[in-house]
Structures are given as C-alpha cells and as structure tokens.
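Structural description and commentary
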Amino acid sequence: EVQLQASGGGLVQTGGSLRLSCTTSGFTFEDYAIGWFRQAPGEERQAVSCISPNDGTTDYRDAAKGRFTISSDNARTTVYLQMNNLKPEDTAVYYCAADRYYSGLGRVSCQYEYDFWGQGTLVTVSS
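Our subject in this report is the structure included herewith. (Residues numbered from 1 in each chain as written. Predicted model: local features only at pLDDT ≥ 70, side-chain atom pairs only at ≥ 80, totals over all residues. Heavy atoms only, no water.)

**Re the layout of surface pockets**
So the rule is basically this: Only protein atoms enter the 1 Å grid, on which a cavity is a set of points fitting a 1.4 Å probe that cannot get out and a pocket is an open set with protein on both sides within 12 Å along at least 5 of 7 lines, lining residues being those with an atom within 4 Å of a point. Grid points are joined across faces, edges and corners, and a volume is the space filled by probe spheres set on the points. Amino acids are sorted into nonpolar (Ala, Val, Leu, Ile, Met, Phe, Trp, Tyr, Cys and Pro), charged (Asp, Glu, Lys and Arg) and polar (every other residue, Gly among them).
For the largest pocket, the calculated volume is near 170 Å³. Lining the largest pocket are A33, D99, R100, Y101, Y102, L105, G106, R107, V108, S109, Y112 and Y114. Here the lining of the largest pocket is built from residues that sort into seven nonpolar, two polar and three charged.

**A word on the nonpolar core**
Put simply, the rule is: As used here, the term nonpolar core means buried Ala, Val, Leu, Ile, Met, Phe, Trp, Tyr and Cys residues forming a set that is joined through side-chain atoms within 4.5 Å. When a residue's accessible area, from a 1.4 Å probe over protein chains only, is under 20% of the maximum for its type it is buried; when over 50% it is exposed; and in between it is partly exposed. By definition, any uninterrupted DSSP run of H or I lasting at least four residues is a helix, any uninterrupted run of E lasting at least two residues is a strand, and each is numbered from the N terminus. Note on definitions: a residue-residue contact is assigned when non-hydrogen atoms from the two residues lie within 4.5 Å.
I34, W36, F68, V79, L81, M83 and Y94 are the most contacted members of the largest nonpolar core, which has 26 residues in total. Looking at this core, the elements with two or more residues in it are β1 (3–7), β3 (18–25), β4 (32–39), β5 (46–51), β7 (68–73), β8 (78–83), β9 (92–100) and β11 (121–126). Top element by residues in this core is β9. It accounts for four residues. In this view, F68 contacts R38, V48, Y60, L81, Q82, M83, N84, L86, D90 and Y94; residues no more than four positions away in its chain are not counted. Judged by nonpolar contacts, the second largest core, of nine residues, contains F37, A47, Y101 and V108.

**Re the pairing of β3**
Stated precisely, the cut-off is as follows: Here, a strand pair is defined by DSSP locating no fewer than two bridges between the strands.
Bridging between β1 and β3 involves five bridges; their strand directions are antiparallel. Note that in β3 the partner of Q5 across the bridge is T23. Sheet analysis places β3 next to β8, joined by six bridges and oriented antiparallel. Note on β8: the bridge partner recorded for T23 is T78.

**Looking at the pattern of salt bridges**
Just so we agree on the cut-off: Salt bridges are identified by distance alone: a Lys or Arg side-chain nitrogen within 4 Å of an Asp or Glu carboxyl oxygen.
Scanning the model with the defined rule gives four salt bridges in all. In this structure, D62 engages K65 in a salt bridge whose closest nitrogen and oxygen atoms are separated by 3.4 Å. Comparing D62 with K65, the two get one shared label, exposed.

**A look at the state of the cysteines**
What counts is decided by this rule: By definition, disulfides here are pairs of cysteine sulfur atoms that lie within 2.5 Å.
Here the structure, examined in full by the defined rule, presents two disulfides. Here C22 engages in a disulfide with C96; their sulfurs sit 2.2 Å apart. Across the S-S bond linking C22 and C96, the dihedral sits near 75 degrees, which makes this disulfide right-handed. One end of the pair, C22, is in strand β3; the other, C96, is in strand β9, with 74 residues separating them in the sequence. Under the relative-accessibility criterion, C22 is labelled buried at 0%. You can call C96 buried: its relative accessible area is 0%. Across a sulfur-sulfur distance of 2.1 Å, C50 and C110 are joined as a disulfide pair. Looking along the S-S bond of the C50-C110 disulfide, the torsion reads about 130 degrees, which is the right-handed sense. Here C50 is found in strand β5, whereas its partner C110 is found in the loop between β9 and β10 (116–117), with 60 residues between them in sequence. Its relative accessible area of 0% is what places C50 among the buried residues.

Without other data, these values stay purely geometric and don't point to any function.
Have a look at this one:
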C-alpha cells in the first residue's frame, strides 16, 4: 500500500543541476518524515536531506549543505530535491524513504531507520 517512487535522475555535467521528485501514495503524507538517501558504488548508503511535510523542519547532511534544497508539495504528496552545482562525487543511486514522524517532539532527523523505501533513481555527474 505504501509507495514511494523516485524520479528525475540522469546524466549531467559537473556544475549542472537536477531536480529529483519523490511521489508517494498509500499513507498519510503529513504524518511521516520523507528523506533522500544515496548510495555510490562501493560506498555505504548515506543520508542527504530529510523533511517533515507537517512542521516544515529539515535536516541537511554535510554533503547537501549549501548546494541541495529539499521541499514538499503537500497537495501532491511529493517531495523534491533540488541539486545544484553537482560534482562527480554526487554520482549515486538516490532513494526516497518515509518514516513515521511525531511533530512537536523535536525536529525531523535523517539519523533514524526509515521504514519505507522506493526503488531509487540514478544520478551520474560527468567530469
């Protein structure tokens, strides 16, 4: 029932931009945190950025700070990741995921285990 689909990946030159989309269905969108994660070849999966569509709080990890922006369109139950000034080290499969979030107890975080995952979309940044 819970579905998340990442899209928008592709091949881009160093310094270019991409906007990834995470379309969701099958759950109460505003009751969950939505996060972007990525995995490069030979590397551990790492968090990129997470957001609460309910309270609007965000969590940007080091690789994303200053270059990436996460946002949500609650009417479309969709989360976006705008990626600017892309670098070859950004090359990875990007996944979006959802985790139950309780607004009022703090702010959203990427540090927890996210329960629901999509299939991912490949981003390749050429050098």
